[in-house]
Amino acid sequence: ERGARSERERETMSWTELTTFNAFDAYDDGIVRGFKSALLTESDYENLMQCNSLEDVKMFLQATDYGTFLSNVVELDPATIVEKATQRMVEEYNYLVGNAGETLSAYLDFLRHPYMIDNIVLVLSGTTRNDSSLSKLLEACHPMGMFEELLTVGVASTPKELYELVLIESPVGKYFRNFQFEDMHELKPELIRARLYKAYLEDFYDFCVTRCSPTTARVMRDILNFEADRRANSTTLFAMSPKVEL
C-alpha cells in the first residue's frame, strides 16, 4: 500500500510539474532533443572505423550534423579535431544557458563547476611548482571551465592571495572558504581537488533538493550520491597508494 501511494504521489508531482514546464523550460527541452537526434549512430561509428585517413573522417562528418565544425581546418590532426569538437560543445552549452529560465540556468551553471575546479587545480599546482608559464597553463585549461577571474591569477603570489584577490569572486570561490591555505603547498593536487569536489557535490545536492522540481531532485539525488561515493573511494585509493592515478 505504501509503495502504491508513493507511486501515485510521484505521478501527481509529475503532472503538476508538467503544467508549468512549457512556461520555463520547453525551448531548452526542444534544443536538447535536437542535440540528441544529431548524435552519431552505431552505423555512423562503424563507417568511421572504415576511414583510412583524417580527411576521410572529415568528408564523412560533412554528411552529418557535425559537418561544419571542421570546414575551416586545413591541416587535420587528432588534437585539432578534439579542440574543434570541444569548442562546438561549449558554444551549444552557452546557447542553452542563454535561453534557460532562472532555475535551469543555475542548474546548468553547476555542470560547469567541475571543469572550473580542474582548471583551478591545474593552474594552482603549476604556479606553485613553477612548472610552466601562466600562458601555457591557461592554454591547457578546459574551455568549459574558463571564467573571467581565472585570467587574472598572475596577480597572486601565494594560494591565500589567489583566493582573496581572484577566486573569492569566482563562481566556485565559496568552495575555498574552509581551506587552510598555509597547508596548500604540502597537499597533493588530487587531494585539493577532492576537497573542492566534496564541497561542490554538497552544494549541488542542496540546490537540487531545495530549488529543483521533485522529479529532478529525486533523479539527481541518486546521481550525486553515486558520484560522491565514487570520489570518496578514489580519494581513499589515492591516499593509500600514491602511485595510483584517479
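To start, this report covers the structure provided alongside it. Note that this is a predicted model, so its numbers are computed, not measured.

Comments concerning the pattern of salt bridges
For the coordinates displayed, the defined rule picks out eight salt bridges. A salt bridge links Asp203 to Lys174; the nearest nitrogen and oxygen atoms lie 2.8 Å apart. Highlighted residues: Asp203 in helix H9 (residues 189–211) and Lys174 in the loop between helix H8 (159–166) and H9, separated in sequence by 29 residues.

Here we look at the packing of aromatic side chains
Summed over all chains, the structure comprises eight aromatic pairs. Ring geometry for Phe110 and Phe204: centres 4.7 Å apart, planes at 0°, overall stacked. Here the residue Phe110 occupies a position in helix H6 (residues 102–129), and Phe204 occupies one in helix H9, the gap between them amounting to 94 residues. For the pair Phe110 and Phe204, one class covers both residues: buried. Each ring, one from Tyr175 and one from Tyr200, has its centre 6.2 Å from the other, and the planes form 75°; the classification is edge-to-face. With a gap of 25 residues between them, Tyr175 in the loop between H8 and H9 and Tyr200 in helix H9 connect regions that are remote in the sequence. As far as burial versus exposure is concerned, Tyr175 and Tyr200 are alike and both buried. One aromatic cluster in this structure is built from Tyr107, Phe110, Tyr175, Tyr197, Tyr200, Phe204 and Phe207. The ring of Tyr197 has Arg231 lying over it, and the distance from NZ or CZ to the ring centre is 3.5 Å.

A short note on the layout of surface pockets
Size it by volume and the second largest pocket reaches roughly 670 Å³. Lining the second largest pocket we find 23 residues, and of these Leu39, Tyr66, Ala85, Met89 and Glu92 sit closest to its centre. Breaking the lining of the second largest pocket down by element, the ones donating at least two residues are helix H2 (26–37), helix H3 (42–49), helix H4 (54–61), helix H5 (78–98) and H6. In the lining of the second largest pocket, the residues fall into 20 nonpolar, no polar and three charged.

The rules behind these values
- Residues numbered from 1 in each chain as written.
- Predicted model: local features only at pLDDT ≥ 70, side-chain atom pairs only at ≥ 80, totals over all residues.
- Heavy atoms only, no water.
- Salt bridge = Lys/Arg side-chain N within 4 Å of Asp/Glu carboxyl O.
- Helix = DSSP H or I, 4+ residues; strand = E, 2+ residues; numbered from the N terminus.
- Phe/Tyr/Trp six-rings, centres within 6.5 Å; stacked < 30°, edge-to-face > 60°.
- Buried < 20%, exposed > 50% of the residue type's maximum accessible area, 1.4 Å probe, protein only.
- Lys NZ or Arg CZ within 6 Å of the ring centre and 35° of its normal.
- 1 Å grid on protein atoms, 1.4 Å probe; cavity = no way out; pocket = protein on both sides within 12 Å on 5 of 7 lines; lining within 4 Å.
- Points joined across faces, edges and corners; volume = space filled by probe spheres on them.
- Nonpolar A, V, L, I, M, F, W, Y, C, P; charged D, E, K, R; others polar.

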